[in-house]
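# Residue-level structural notes
For reference, the chains in residue letters:
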Amino acid sequence: MGEQRTGSKDRLAFTKSDRIGLTALLFLVNGSAIVGWVVGPILSWLKGDPLWTPFISKVTVPALDAAGVPYSAATYDIRVASPTAGQRIFGLVAGLLWAAVLIAGSLIVARLMRSIAEGNAFDRANVGRLRWLAALLIGAVPVAYVVDLFARGALVTGAELGGLPPTASISIPWLPIVAGMVVALIAQAFVAGAALRDDVDGLV
């Protein structure tokens, strides 16, 4: 007697409930970002609240120097009591840019998710969507990072720092750049998949 095969279910399959959950998460993340980066700063401006920004400065600890123990610069939270309109606008522009990048990326992911759910994973349009997502990660995210960095620096300009010398600290957002390169590679794989799909459709 032959062995009877039982139906198996892929536990890693992206189901309808997963799509609903991801959509809800995207709405939550984007809503929180808009409130935190756009609505919050505008309300703070209207109420005349102070602004806070991190400030990095070198410190001297004689006891550690005498013991030969190395240490790094210190990070302070600077309170800007009366920021200018230009400083607030600069910070708001940085927040708007971050929000725009996040919303654009979320829309691309949502459309990819819908296309895959409809069984059109290798649609030509998905290649363009993946490339746009890669462009956001590689290009737009570093630009937003730099704008945000200058906006924070503008807040420190003219502030009373008690004689603390500022320390330049510029880092490159490598993680989104690497992620963008991976997405671009996946987009190229989708090109091959789309070509194969077109060949199969041509034989039918």
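Residues numbered from 1 in each chain as written. Predicted model: local features only at pLDDT ≥ 70, side-chain atom pairs only at ≥ 80, totals over all residues. Heavy atoms only, no water.

## Description of the confidence of the model for the protein chain
Note the following rule: A score from 0 to 100, pLDDT tells how confident the predictor is in each residue. Pairs of residues are marked as contacts when any of their non-hydrogen atoms sit within 4.5 Å.
For the protein chain, mean pLDDT is 84; residues scoring 70 or higher make up 85% of the total. Low pLDDT, under 50, characterises residues 1-7; the predicted model gives this stretch 0 contacts beyond four residues in sequence or across chains.

## What about the environment of glycine 48?
Put simply, the rule reads: Helix and strand definitions here come from DSSP, where helices need a minimum of 4 consecutive H or I residues and strands a minimum of 2 consecutive E residues; each element is numbered from the N-terminal end. Here's how the labels work: a residue is buried when its accessible area is under 20% of the maximum for its type, exposed when over 50%, partly exposed in between, all with a 1.4 Å probe on protein chains only.
Within the secondary structure, glycine 48 sits in the loop between helix H1 (16-47) and strand S1 (51-57). A relative accessible area of 46% means that glycine 48 is categorised as partly exposed.

## Re the nonpolar core
Let me state the cut-off plainly: Each nonpolar core is a collection of buried residues, namely Ala, Val, Leu, Ile, Met, Phe, Trp, Tyr and Cys, held together in the definition by side-chain atoms within 4.5 Å.
Grouped together as the largest cluster of nonpolar side chains are 15 residues, with contacts concentrated most on Ile108, Leu130, Leu133, Leu137, Val141 and Val183. Only helix H3 (85-117), helix H4 (124-156) and helix H5 (174-203) provide two or more residues apiece to this core. Looking at this core element by element, the count peaks at 8 residues for H4. In contact with valine 183, other than residues within four places in its own chain, are Leu130, Leu133, Ala134 and Leu137. In terms of nonpolar packing, the next biggest core, distinct from the first, is built from 7 residues, Val80, Leu155, Val156 and Leu161 among them.

## Considerations on the pairing of S1
Note the cut-off: For two strands to pair, DSSP has to find at least two bridges joining them.
The side-chain alternation of S1 yields one buried face, formed by Leu51, Thr53, Phe55 and Ser57, and one unburied face, formed by Trp52, Pro54 and Ile56. As defined by bridge partners, S1 adjoins strand S2 (residues 74-80) across 7 bridges and the pair is classed as antiparallel. When the bridges of S2 are listed, phenylalanine 55 appears paired with tyrosine 76.

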